[in-house]
Structures are given as structure tokens and as C-alpha cells.
Amino acid sequence: MEFGSIQLDLKSPQIMGVLNVTPDSFSDAGQYVSVEAAVLRALAMVEQGATFIDIGGESTRPGAQLVSTEEELRRVIPVIEALREQSSVLVSIDTSKPEVMQQAILAGAALINDVYALRKPGALETAARFDVPVCLMHMQGSPEDMQKRPTYTHVVDEVIDFFKQRLLACEGAGIARNKILLDPGFGFGKTLSHNLTLLAELSRLKELNCPLLAGLSRKSMLGAIIDKPVEQRLSASITAGLLALQNGASILRVHDVAETADAVAIYNAVRQVR
Ligand code: 9MG
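Each chain carries its own residue numbering, running from 1 in the written order of its sequence. Where local features are concerned, this predicted model is filtered to residues with pLDDT of at least 70; where side-chain atom pairs are given and counted, the filter is 80 or more; whole-chain, interface and lining totals use all residues. Only heavy atoms go into the side-chain values, all of them from the structure, while hydrogens and water stay out.

Q: What exactly am I supposed to notice about the overall build of the protein here?
A: Along its length, the protein carries nine helices and twelve strands. Just to be clear, the radius of gyration here is over C-alpha atoms, and the globule rule we use is 2.2 Å times residues to the power 0.38. Against the 2.2 N^0.38 benchmark of 19 Å for 274 residues, the protein shows a C-alpha radius of gyration of 17 Å, consistent with a compact globule. Principal-axis analysis of the C-alpha atoms gives the protein an extent of 40 × 40 × 40 Å. Across the 274 residues of the protein, 54% fall into the buried class. Counting from the N terminus, the helices are the DSSP runs of H or I reaching at least four residues and the strands are the DSSP runs of E reaching at least two. The buried label goes to any residue with under 20% of its type's maximum accessible area, the exposed label to any with over 50%, and the partly exposed label to all in between, with areas taken from a 1.4 Å probe on protein chains only.

Q: What is the right way to read helix 4 (residues 123-130) from this model?
A: Every α-helical turn comprises 3.6 residues, leaving residues that sit three or four positions apart pointing alike. For helix 4, every residue scored as buried is listed here: A123, L124, T126 and A127. All buried residues of helix 4 lie within an arc of 165 degrees about the axis, which places them on one face of the element. In this fold, the buried residues of helix 4 make contact with helix 3 (98-107), strand 8 (111-114) and helix 5 (155-173). One or two residues past the end of helix 4 sits D131, with phi positive at roughly 55 degrees. Think of the arc as the fan of directions from the helix axis to the C-beta atoms. Only heavy atoms enter the contact rule, under which two residues are in contact if any of them lie within 4.5 Å.

Q: What's the story with the nonpolar core in this structure? I'm lost.
A: In globular proteins that are soluble, nonpolar side chains generally tend to be buried together. Buried Ala, Val, Leu, Ile, Met, Phe, Trp, Tyr and Cys residues that are joined via side-chain atoms within 4.5 Å together make up what is termed a nonpolar core. Counting residues in hydrophobic clusters, the biggest one holds 70 residues, and the most contacted among them are I55, L118 and L136. If one sorts the elements of this core by residue count, helix 5 sits on top with eight residues. Setting aside residues up to four positions removed in sequence, L118 forms contacts with M101, A123, L124, A127, V134, L136, R166, C170 and I175. In terms of nonpolar packing, the next biggest core, distinct from the first, is built from 13 residues, F3, L10, A110 and L181 among them.

Q: Help me out: how do you make sense of the packing of aromatic side chains in this one?
A: Aromatic contacts are taken between Phe, Tyr and Trp rings whose centres are within 6.5 Å, Trp giving its six-membered ring; a plane angle under 30 degrees counts as stacked, one over 60 as edge-to-face, and the others as tilted. Counted by the stated rule, this structure contains two aromatic pairs. Ring centres of F3 and F52 lie 5.2 Å apart, and the angle between their planes is 75 degrees; on these two criteria the pair is classed as edge-to-face. Of this pair, F3 sits in strand 1 (residues 2-3) while F52 sits in strand 6 (residues 52-56), and the two are 49 residues apart along the sequence. For the pair F3 and F52, a shared accessibility class is recorded, and that class is buried. For the cation-ring pair, K120 lies above Y116, with the distance from its terminal atom to the ring centre recorded as 4.1 Å. Should the NZ of a Lys or the CZ of an Arg lie within 6 Å of a ring centre and within 35 degrees of the ring normal, that charge is described as sitting over the ring.

Q: Can you walk me through the site of the ligand in this structure?
A: Any residue with a heavy atom lying within 4 Å of a molecule or strand is counted as near it. Every residue close to the ligand is listed here: T60, D94, N113, V115, C135, M137, D183, F188, L213, G215, K219 and R253. In the environment of the ligand, an oxygen atom lies 3.3 Å from a nitrogen or oxygen atom belonging to the backbone of G215. In this structure, an oxygen atom belonging to the ligand sits 2.5 Å away from a side-chain N or O atom of K219. When the ligand is considered free in solution it has 310 Å² of accessible area, and contact with the protein chains removes 96% of it. Elements supplying a minimum of two residues to the shell around the ligand: strand 9 (134-137) and strand 11 (212-215). Any residue outside Ala, Val, Leu, Ile, Met, Phe, Trp, Tyr, Cys, Pro, Asp, Glu, Lys and Arg is labelled polar, Gly included; the first ten of those are nonpolar and the last four are charged. For the shell around the ligand, the class distribution of residues is five nonpolar, three polar and four charged. Counting of polar contacts relies on pairs of N or O atoms within 3.5 Å, with two restrictions inside protein: one atom must be capable of donating a hydrogen and the other of accepting it, and residues adjacent in sequence are counted only when both atoms are side-chain atoms. Using a 1.4 Å probe, the Shrake-Rupley method yields the accessible areas, and only the shown protein chains count as cover for residues.

Q: Quick question: what am I supposed to make of the pattern of salt bridges here?
A: Opposite charge on two side chains permits them to pair, given that their charged atoms come into close proximity. For this document, the term salt bridge refers to a Lys or Arg side-chain nitrogen within 4 Å of an Asp or Glu carboxyl oxygen. Under the definition given, this model contains eleven salt bridges. Between R253 and D94 there is a salt bridge; the shortest N-O distance is 4.0 Å. Here R253, found in strand 12 (residues 249-254), pairs with D94, found in strand 7 (residues 90-94); they are 159 residues apart in sequence, far enough to count as distant. Judged by its relative accessible area of 18%, R253 falls in the buried class. Under the relative-accessibility criterion, D94 is labelled buried at 7%. A single salt-bridge network, built from bridges that share partners, covers D54, D94 and R253.

Everything listed is a geometric property; what it means functionally is a separate question.
Rendered as C-alpha cells:
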């Protein structure tokens, strides 16, 4: 897949490091995101093996507070600009707002990561106009209500149907199929059983002929199985990530880049023997 002038072989697993620039992550005096601290964290993840840094200024956790476009721009744009000055790493913008997509791309972002799969008004048109790759994620409901009562008759079939509709919408807007990544959206409007079914049957999504991205790192679905808080889910995150790779994922979105890179190195070494 092409990201600007960079051609990336998605047959080899790639790592996307998570950089949340919300006030609870890199804040000075609890209110303003410290650009310097965020960039240092990003550069450390690049050093550890991240191909992408996914920068987000609005939390998508269940029940998280919404932020205005102005506030989201204020959080992410200075970080993207400063990071692009210091590194050629591929920057992904984690947003659903067309205005944030636009400003982030102008500041140097090479990928749109949209948990709403370009369903917000103007998002399809913005992605088409700037012609950058986009990750379409599946979510039932919205972050405010998605975990209240997720319901599916057959979760994998319904996720595939959702993507078929979004791929048609993208085609209609002029977004080329070779610019699209798909993500089943683990934890986004899904029970533990839905998440496990999606992970076990992830390879079925390959019928859509787009590379797959998986975000499992530190998620509650892992905590529900091992009964451990978020800061004790590293082994579970790595195990789930490797299962996703085995079942067809090309990119892992993770918090713990160094540890994931070691696991991916073992995965690659064994795969090359075959
Ligand atoms: C922003 N964000 C949080 N979790 C995510 C996931 O699983 N996938 C993608 N694409 N984005 C996510």
C-alpha cells in the first residue's frame, strides 16, 4: 500500500503505536497537552519498531467525553507538526471529524484512522479529496452507548455486510479500494463473545480484499478473561495480537511497541521457515 511516497509491504506485519494526546496522557498542569512529551513518546515508539504513530485527541473509550473540533485540533496539530519535523514515521490521524482529517493531512498525516468508518457528514468527501489511505473501523452504536446492549444475529456476517456497504460508499465517493484498510473494531459495540468470535474468524474478512488492522492492546475483553486491570494486560495483548496476525491481520495497533516488536520478530522467524 502507498502512503505518500512510501510503499509499504503489508505482507509483513507492521506495528502502529498509540499516541493519545488527551489531557490525561501528556498534560502540563492537567489541562494542556505537552507537545514535547508527546513527541518524545512517539520517537521512542519509532525507535522500538513502530511503522505508524496513531495520534488521537478525542478518547473513544465507552462513555468518554466528546471534544469540540477546535479542542481536538489544538491537541493534535502541534504534535503532528513537531513529530514530522523530527521523523519520517507514518503519522495516522485517529479522528472522525472532517476538519481534523484535513488539518492533520496538511500537517503531514499519511493515514486516516476513523472509528466511524467515514460515516460522519463530509468525512467521505474529505478522504477522497486528499487521496490518503484510510482505515475503516466497524462499530455498533457510538462510544457513548456502544457497550449498553450490543446485539448481533451473527457478528462476523454483520461486520462483513457493514464493510461491503462502506466499501460501496467509498467507491461512490472516489476512494480507491487499494487505499482502504479494514478493522473489525474489537470492543466497539461488542460483547466478549462477539470479540472472541471475530478474532477466531478474522480470516473471513480477507474475502473483502483489503489489508486488516487489529486493535486489541490492553482492551477490556482481555481484562474480562484474565481478570486483570489495564496495566497488567501486556502478555494477553501480545498473545491476542499474534492470534490476529495468524488469522490475517497486517497491522497491530498497540501501546507496548517494544514488546510487540519482539513477539512479531519470533512470529516472522517461524513463518519464514515454512
Ligand atoms: C482509536 N482506536 C481505539 N481502538 C481502536 C481500534 O481497535 N482500532 C482502530 N482502528 N482505532 C482504534
